Amino acid sequence: SILLMKAIYPLLLALSACGGPIMHIPGSLDSLGRPAEEYTPSDTLRNKTKKSAAKGKDVVRAARHYLSHRPKRDDCSGFVEAVFDRLGLDFNGSVSMMWDQAKSSGAVHHRKRPRIGDLIFFDNTHDNNGNQKWDDPLTHIAVVIDVEPDGPIVFAHGGTGRGRTTGRMNLQHPSTHSHDEFILNDYLRRSSPRDPPRTTYLAGELWRGFATLYH
């Protein structure tokens, strides 16, 4: 019935939001395409705003807010949903739904240096379907909160073994965890004896793409 579906929909959404169970992140957690200045999002996403679209610094401010404040849905896509809701942008659903919305609006890109406030999408951060194969796309999402001059990208995200926290990714060295005691790529997948051959675990290795949802 309609009433039953209304009752179970939030539960189904929560279960699908990060593609499966809450991730556990081990380890420390502390140029492709067009240049960033040439990129502008399509009118499709602009027209979904309740007020003027956010600037990157506003997205970052909202993401930092939810690092210390619990969103309504405390998983990775719930974190992102809360960030954009705070800015007046309707952008919700599971990770795969968010990817589809961003892609259909022309917001997805694969530059190695994103803008602050961009979204990061990841694949295979856990075995979502439990079949011990490398076939789990769009299992995690995060928000870029800083892009450092020498390459590292700092992101904020939820749905991790440490709750809502920050991580680092360096697409210049995607398979390197650390160098000279500096973290280049945080772990986004927990090692398991059930992992298939050639499983990768670092943020740069599991990266799928970015999306810019603001002017």
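Residues numbered from 1 in each chain as written. Predicted model: local features only at pLDDT ≥ 70, side-chain atom pairs only at ≥ 80, totals over all residues. Heavy atoms only, no water.

Draft legend 1. Region of interest: unusual backbone geometry. Even without a glycine there, the phi angle at aspartate 180 is positive, about 50°. Tracing the sequence through the fold places aspartate 180 in the loop between strand 6 (178-179) and strand 7 (182-183). What makes aspartate 180 exposed here is its relative accessible area of 59%. (Helix = DSSP H or I, 4+ residues; strand = E, 2+ residues; numbered from the N terminus. Buried < 20%, exposed > 50% of the residue type's maximum accessible area, 1.4 Å probe, protein only.)

Draft legend 2. Local environment of the nonpolar core. Core analysis: the largest hydrophobic core is formed by 31 residues, its most contacted members being Val80, Phe84, Leu119 and Phe121. Among the secondary structure elements, those contributing two or more residues to this core are helix 3 (56-68), helix 4 (76-86), helix 5 (95-104), strand 2 (119-122), strand 3 (140-147) and strand 4 (153-160). Beyond its immediate stretch of four places on either side in the chain, phenylalanine 121 contacts Val95, Met98, Trp99, Leu138, His140, Ile141, Leu206, Trp207, Arg208, Gly209 and Ala211. Judged by nonpolar contacts, the second largest core, of 14 residues, contains Ile120, Leu171, Trp207 and Phe210. (Core = buried A, V, L, I, M, F, W, Y, C linked by side-chain atoms within 4.5 Å. Contact = heavy atoms within 4.5 Å.)

Draft legend 3. View of helix 3. The end-to-end C-alpha separation of helix 3 is 19 Å, in line with the 18 Å expected for 13 residues at 1.5 Å each. Regarding helix 3, the residues found buried are Gly56, Val59, Val60, Ala62, Ala63, His65 and Tyr66. In this fold, the buried residues of helix 3 make contact with helix 4, strand 3, strand 4 and strand 5 (163-169). (Expected span 1.5 Å × (residues − 1).)

Draft legend 4. Fine view of the pairing of strand 8 (residues 207-211). Burial analysis of strand 8 places four of its five residues in the buried class, which makes it a mostly covered element. As judged from the four bridges shared by strand 2 and strand 8, these two strands associate in the antiparallel manner. Counted as the bridge partner of phenylalanine 122 is tryptophan 207 from strand 8. (Pairing = 2+ DSSP bridges.)

Draft legend 5. Structural detail: the environment of histidine 173. Mapping histidine 173 onto the fold places it in the loop between strand 5 and strand 6. For histidine 173, the residues in contact, after removing those within four places along its chain, are Leu184 and Asn185.

Draft legend 6. Region of the structure containing the packing of helix 3 against helix 4. Contact pair helix 3 / helix 4: the axes reach a minimum separation of 9 Å and the direction vectors enclose 130°. The orientation of helix 3 relative to helix 4 falls into the category oblique. Once helix 3 is placed against helix 4, the crossing between them reads as right-handed. Counted together, Val59, Ala62, Ala63, His65, Tyr66 and Leu67 of helix 3 and Phe79, Ala82, Val83, Phe84 and Arg86 of helix 4 form the full contact between these two elements. Partitioning the contact of helix 3 with helix 4 into residue classes produces nine nonpolar, one polar and one charged. (Axes fitted to C-alpha atoms, helices over the stretch in contact; angles between N-to-C directions. Parallel < 35°, antiparallel > 145°, perpendicular 65-115°, else oblique. Left-handed = near helix turned anticlockwise from the far one by under 90°. Nonpolar A, V, L, I, M, F, W, Y, C, P; charged D, E, K, R; others polar.)

Draft legend 7. Just the layout of surface pockets, in detail. Counted as a void, the second largest pocket has a volume near 240 Å³. As for the second largest pocket, its lining consists of 14 residues, and the residues nearest its centre are Lys72, Gly78, Glu81, Ala82 and Asp85. Here the element with the most residues in the lining of the second largest pocket is helix 4; it accounts for four residues. Residue composition of the lining of the second largest pocket, grouped by class: six nonpolar, two polar and six charged. (1 Å grid on protein atoms, 1.4 Å probe; cavity = no way out; pocket = protein on both sides within 12 Å on 5 of 7 lines; lining within 4 Å. Points joined across faces, edges and corners; volume = space filled by probe spheres on them.)

Draft legend 8. Representation of helix 5. For helix 5, the complete set of buried residues consists of Val95, Met98, Trp99, Gln101 and Ala102. End-on view of helix 5: buried residues confined to an arc of 165°, all on one side of the axis. Away from the buried face of helix 5 by more than 90 degrees, exposed residues Lys103 and Ser104 are located. With its phi angle positive at about 75°, glycine 106 sits one or two positions after the end of helix 5. (Arc of directions from axis to C-beta.)

Draft legend 9. Representation of the side chain of serine 77 within the structure. Tracing the chain through its elements places serine 77 in helix 4. In this structure the side chain of serine 77 is engaged in a polar contact, spanning 2.9 Å, whose partner is the side chain of arginine 73. (Polar contact = N/O pair within 3.5 Å; in protein donor to acceptor, adjacent residues only side chain to side chain.)

Draft legend 10. Representation of the pairing of strand 3. Buried residues dominate strand 3, accounting for seven of its eight residues. With four bridges connecting them, strand 2 and strand 3 associate as antiparallel partners. Bridge pairing in strand 3 links phenylalanine 121 to isoleucine 141. Where strand 3 lies against strand 4, four bridges are found, and the strand directions are antiparallel. Considered in strand 4, the bridge of aspartate 146 is made with valine 154. Connecting strand 3 to the next strand, strand 4, in antiparallel fashion are five residues, including glycine 151 with a positive phi near 120°.

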